[in-house]
Amino acid sequence: MSTMAIILKAIEPMQDRGIVYDVGLRFSPSTLSVDKFNPGVVAYDMKIISDSLHCNAVRIEGEDIDRLVHASVTAHINGLKVFFNPWLMEGSANDVVSYMGKAAKAAEALRQKGIDITFVTGCEFSLFNPGIFEGKNVNERINTLSALAQLKDSITLNEKIEEYSIKLNDVLYRIVNKVRGYFHGPVTYSAGTWEPVDWSIFDAVGIDYYRDLQSDKEYLDGLERYFKIGKPLYVMEVGCCAFEGAAELGSTGYTICMGTDKKGNGIYLEGKVPIRNEKVQADYAEKQIRLLNESGVNGMFIFEFSFPIAPYREKGHDADMTAYPIVKSYPPEDLRSKLLPPWEPKEAFHRISKVYKELKN
C-alpha cells in the first residue's frame, strides 16, 4: 500500500478512540503499579474516560484477573468497548499459556453477558518475558534488542531475526490456541514494532507505535507493512512523558530517570535534571491522534490514564514527569491522594478531550 493510499483512508476516521488503563502490573517482583485496587476510583475513572475524555474504548491491562473483570464491567456500564489485556510479566511460556487460559474463561463470561470485548494476548512478550531475547530481566533484554539493532552484518542480523521470530511465534501460537479454546470473540496482541509476529492467527493487528524523531511522512509510511496484512489495525500504545525533549524520545522518555539518591532526589541521565513541561506531552498527544485518525487505523490507545506508582511532587523527586500518565497522582503522604479522585488532570488530559470530542462529532 502506498503512502497516498494511506492518506486516502482519511475519509474513514478511526472507529475507536481509546486510552490504556492500568489495574496493576508487576514491573518489579515486589511491587504492583497499582498497589490497592479501589472500585470507587475505577468507577469514577471510567465515567471520566467516557464522559470527559470522550473515549469509546479502553485497553484494560493488569495481572490480577479479578481486577480486570471488575474494571471491564465498570467500563461496559459506561459505554466503553473493552480491550481485555491480561499480562503476566516475567512468567515463563508455560506459566503464561496457563494464565491466559484462565483469563480467557473470565473474558468469555463477560462476552456472554453482552460486553463488547476484544482479548489482548499480552504485550511485547520478547521484552517482558524470558525465552525470546537473552537476558534475566527486562533491562537486560532491552540491551539485547539494542545490540541487535546495531548489527551491521546483514546475514547475522537476518539469522538472529529468524531465530527470534520462530521462538516468539511458537509462544504466541500456544497462547492463541489456549485462549480460543475458551474465548470466542476477537483476539489480538500488543506487539513491539521489532517483533516479527505471524498475524494470520489473530483477528486484528495491534502495535505499540510510538513516535520519536520521524517526520509525519516517515511515521505514516511505517504503517504500510501493517496495512498490507489486510486486517483491522490498532495502535495499542502511543504517548510521551511531560518534560522538555520528551517528544523526541517517545517510548524511551522514561529511561532518563535512573532512580533516586539517599535523599529521595531523582538521578538523571548525564546528571541533567529535566524541566517539567506538560505542554510537550499535550502537543504530542494531539499530533498523534490527528495523524493516526488520518492514517486509516481502526483505533488507538493513548498511553496511559494514571500511574500512581510514579507520583507528582512539588518538592523532591517528581516521578510523574518521566512517566506517561495524563493525570498526575499524589504520593501517600499527600492528603490529596485520599480524595476522589486521587489525581488531577494534566494538560494532555484536556487536549485529548478536545480532539477526541471533535472526532466524536
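Refer to the structure printed above.
Procedures and definitions
Residues numbered from 1 in each chain as written. Predicted model: local features only at pLDDT ≥ 70, side-chain atom pairs only at ≥ 80, totals over all residues. Heavy atoms only, no water. Pairing = 2+ DSSP bridges. Helix = DSSP H or I, 4+ residues; strand = E, 2+ residues; numbered from the N terminus. Axes fitted to C-alpha atoms, helices over the stretch in contact; angles between N-to-C directions. Polar contact = N/O pair within 3.5 Å; in protein donor to acceptor, adjacent residues only side chain to side chain. Contact = heavy atoms within 4.5 Å. Salt bridge = Lys/Arg side-chain N within 4 Å of Asp/Glu carboxyl O. Buried < 20%, exposed > 50% of the residue type's maximum accessible area, 1.4 Å probe, protein only. Core = buried A, V, L, I, M, F, W, Y, C linked by side-chain atoms within 4.5 Å. Parallel < 35°, antiparallel > 145°, perpendicular 65-115°, else oblique. Left-handed = near helix turned anticlockwise from the far one by under 90°. Nonpolar A, V, L, I, M, F, W, Y, C, P; charged D, E, K, R; others polar. Phe/Tyr/Trp six-rings, centres within 6.5 Å; stacked < 30°, edge-to-face > 60°.

(A) Inspection of the sheet that holds strand β7 (residues 233–238) at higher detail. One closed barrel holds the eight strands; their spatial order is β1-β2-β3-β4-β5-β6-β7-β10, and the pairing between them is parallel. Strand after strand, the sheet turns through a mean of 25 degrees between neighbouring axes, direction not considered.

(B) Molecular detail of the side chain of aspartate 208. Among the secondary structure elements, aspartate 208 is positioned in strand β6 (residues 205–208). At a separation of 2.5 Å, a polar atom in the side chain of aspartate 208 contacts the side chain of serine 190. Setting aside anything within four residues of it in sequence, one finds aspartate 208 in contact with Arg59, Cys123, Glu124, Ser190, Ala191, Thr193, Met236 and Glu237.

(C) Broad picture of the pattern of salt bridges. Tallied over the entire structure, the rule returns 28 salt bridges. In this structure, arginine 59 engages glutamate 61 in a salt bridge whose closest nitrogen and oxygen atoms are separated by 3.4 Å. Take arginine 59: its relative accessible area is 0%, and that puts it in the buried class. You can call glutamate 61 buried: its relative accessible area is 2%. The salt bridge partner of arginine 111 is glutamate 108, with a shortest N-O separation of 2.9 Å. Residue arginine 111 and its partner glutamate 108 are both found in helix α4 (residues 93–112); the two are separated by three residues, about one turn of the helix. Glutamate 108 sits in the buried class, given a relative accessible area of 7%. Each of Lys279, Asp283, Glu286, Arg290, Glu347, Arg351, Lys354 and Glu358 takes part in one network of salt bridges that share partners.

(D) Region of the structure containing the nonpolar core. The biggest cluster of nonpolar side chains holds 109 residues, and the ones touching the most others in it are Met46, Phe119, Ile302, Phe305 and Ile326. Top contributing element to this core by residue count: α4, with ten residues. Not counting the four nearest positions on each side in its chain, isoleucine 302 is found in contact with Gly18, Ile19, Val20, Val238, Ala285, Ile289, Ile326, Ile352 and Tyr356.

(E) View of the packing of helix α11 (residues 278–295) against helix α12 (residues 347–360). For the pair α11 and α12, interaxial distance at closest approach is 7 Å and the crossing angle is 20 degrees. The orientation of α11 with respect to α12, classified from their angle, is roughly parallel. For the pair α11 and α12, the crossing hand works out as right-handed. Seen from α11, the contacting residues are Glu278, Lys279, Gln281, Ala282, Asp283, Ala285, Glu286, Ile289, Arg290 and Asn293; seen from α12, they are Glu347, Ala348, Arg351, Ile352, Lys354, Val355, Tyr356, Glu358 and Leu359. In terms of residue class, the contact of α11 with α12 is built from eight nonpolar, two polar and nine charged.

(F) The packing of aromatic side chains, seen in detail. As enumerated under the stated definition, the model contains 18 aromatic pairs in all. Summarising the aromatic geometry, the rings of phenylalanine 27 and phenylalanine 307 are spaced 5.9 Å apart at their centres and angled 85 degrees between planes, so their arrangement reads as edge-to-face. Placement of the pair is phenylalanine 27 in the loop between β1 (16–22) and α2 (39–51) and phenylalanine 307 in the loop between β10 (299–302) and β11 (327–329), with a sequence separation of 280 residues. Note on phenylalanine 27: relative accessible area 42%, which makes it partly exposed. You can call phenylalanine 307 buried: its relative accessible area is 14%. Centroid distance phenylalanine 305 to tryptophan 343: 5.4 Å. Interplanar angle 90 degrees. Geometry classified as edge-to-face. Residue phenylalanine 305 is located in the loop between β10 and β11, and its partner tryptophan 343 is located in strand β12 (residues 343–345); the two are separated by 38 residues in the primary sequence.

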